[in-house]
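# Chain and residue survey
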Amino acid sequence: RLAAALPDYPFAYLITVDDGYRVHTVTVAPTLHGGMLDVGPIGGRTQDNLTRRRDVTLLWPPNEPGGYSLIVDGHAQDAGPGSGSLGVVPDRALLHRDAAPDSPEAARGCLHDCIVFSLPA
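Below is a short write-up of the structure. (Residues numbered from 1 in each chain as written. Predicted model: local features only at pLDDT ≥ 70, side-chain atom pairs only at ≥ 80, totals over all residues. Heavy atoms only, no water.)

## Re the pattern of salt bridges
Going by this rule: The rule for a salt bridge is simple: a side-chain nitrogen of Lys or Arg has to be within 4 Å of a carboxyl oxygen of Asp or Glu. Numbered from the N terminus, helices here are DSSP runs of H or I no shorter than four residues, and strands are runs of E no shorter than two. Any residue under 20% of the maximum accessible area for its type is buried, any over 50% is exposed, and the rest in between are partly exposed; the area is computed with a 1.4 Å probe on protein chains only.
Within the structure shown, the criterion is met by five salt bridges. As a salt-bridge pair, aspartate 73 and arginine 92 come within 3.7 Å of each other at their nearest N and O atoms. Placement of aspartate 73 in strand β6 (residues 69-78) and of arginine 92 in strand β7 (residues 86-98) is noted, with a sequence separation of 19 residues between them. Accessibility expressed as a relative area gives 44% for arginine 92, which makes it partly exposed. The salt bridge involving arginine 97 is made with aspartate 113; its shortest N-O contact spans 2.8 Å. Taken together, the residues span a long stretch of sequence, with arginine 97 in strand β7 and aspartate 113 in strand β8 (residues 112-116) at a distance of 16 residues. Owing to a relative accessible area of 29%, arginine 97 belongs among the partly exposed residues under this scheme. Note on aspartate 113: relative accessible area 8%, which makes it buried. Sharing partners across several salt bridges, the network here consists of Asp19, Arg52 and Arg53.

Structure, rendered in structure tokens:
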């Protein structure tokens, strides 16, 4: 389902944290290859953050108000020998938006409407 969702999301934000747990966000255009998202080359601050913490989040904003954001939590690694690209192996992926007032989610008291993807183990 993640592969099927990606064509609707042309760019994402790669989110890392530094030693003071300050967030660093950069724009990337991930592509899925096998079970890994290739985000392309990364800059120095992102690389410094990943030296200490390999956990990252990718956030694709919705294409229109009220639409779903695509969120992937994962861990970073090299995308492949000699590629110069960063890869992200997804641990969790979901579509997320606020629940509409008349939705079944809101009727159950939920604030959000989420679709969680099953990922290969």
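Further notes follow.
## Remarks on the nonpolar core
Quick reminder of the rule: Within this scheme, the nonpolar core is defined by two criteria: the residues are buried Ala, Val, Leu, Ile, Met, Phe, Trp, Tyr or Cys, and they are joined through side-chain atoms within 4.5 Å. Two residues form a contact once any of their heavy atoms are found within 4.5 Å.
Judged by nonpolar contacts, the single largest core of 22 residues is most densely connected at Leu58, Trp60 and Leu70. The set of elements that each furnish at least two residues to this core consists of α1 (2-5), β1 (12-17), β4 (36-40), β5 (55-60), β6 and β7. Here this core takes four residues from β7, the largest share from any one element. Each residue touching tryptophan 60, except ones within four places of it in the same chain, is listed here: Leu6, Tyr9, Phe11, Ala12, Pro30, Leu37, Ser69, Leu70 and Val72.

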